[in-house]
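# Examination of the molecular architecture
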Amino acid sequence: MGLISGLLGNAGNISEVDARKKLAGVILETETIDLAFKLVRDLIIFTDKRIIVIDKQGVTGKKTTYHSLPYKSVSRFLVETTGHFDLDAELKIFISSANEPAITLQFTNDKHIFAIQQALALAVL
C-alpha cells in the first residue's frame, strides 16, 4: 500500500504473518486468519471464528481498541459502494437486533469492499 493510498484511507491487504503479529495476545492459536486489511492505522481481520477490528486512537496511536465480533452475533451487514458524488464506500456490521451498527468502516474506493462482502457472506450466511 502506498503512502498516498494509506493517507486517503484506501484499504490494503496485509499478510497473515503481519496480522498475527499485530494480534499478539488477542488471537487464539487455533484461529486461522482468512483476510486482513489495513486502513491507515486501523485493521480489519477476518478469522475462521470472528471479525476483529483494531482501532488505533489518538495522535500517537498508542491507545488501541480491539473490537471482536463473533460471526454468530452478526445479524446483518450493509455495503455501500462509491458513486459519482459520494466517493466513500462504507461497511456497516450489525449485531443481534440492534438498530445502529456495531462497526462502521469507510473506504475511499471499492477496491476491497467486494472481497470483504464475500468474506462476511461466507461466514454469516
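Refer to the structure printed above.
Now for a description of the structure that goes with this document. (Residues numbered from 1 in each chain as written. Predicted model: local features only at pLDDT ≥ 70, side-chain atom pairs only at ≥ 80, totals over all residues. Heavy atoms only, no water.)

## Things to note about the pairing of strand E4 (residues 50-57)
Two faces belong to every sheet, and in a regular strand the side chains alternate between them. To be explicit about the condition: DSSP bridges decide pairing: two strands pair if at least two such bridges lie between them. Put simply, DSSP marks the helices as runs of H or I at least four residues long and the strands as runs of E at least two long, and each gets a number from the N terminus on.
Direction of pairing for strand E3 (residues 42-47) relative to E4: antiparallel, over a ladder of four bridges. Within E4, the position partnered with Leu-43 by the bridge is Ile-54. Counting the residues between successive antiparallel strands, the hairpin from E3 to E4 contains two residues. Sheet topology places E4 next to strand E5 (residues 63-70); eight bridges connect them, and they run antiparallel. Bridging across to E5, Asp-55 finds its partner in Thr-65.

## Re the side chain of Glu-90
Basically, it comes down to this: Three exposure classes are used, based on accessible area relative to the maximum for each residue type with a 1.4 Å probe and protein chains only: buried under 20%, partly exposed in between, and exposed over 50%. Contacts between residues were defined by any pair of non-hydrogen atoms, one from each residue, lying within 4.5 Å.
Relative to the helices and strands, Glu-90 is located in strand E7 (residues 89-95). What makes Glu-90 buried here is its relative accessible area of 13%. Leave out the neighbours within four places in its chain, and Glu-90 touches Leu-78, Val-79, Glu-80, Thr-104, Leu-105, Gln-106 and Ile-113.

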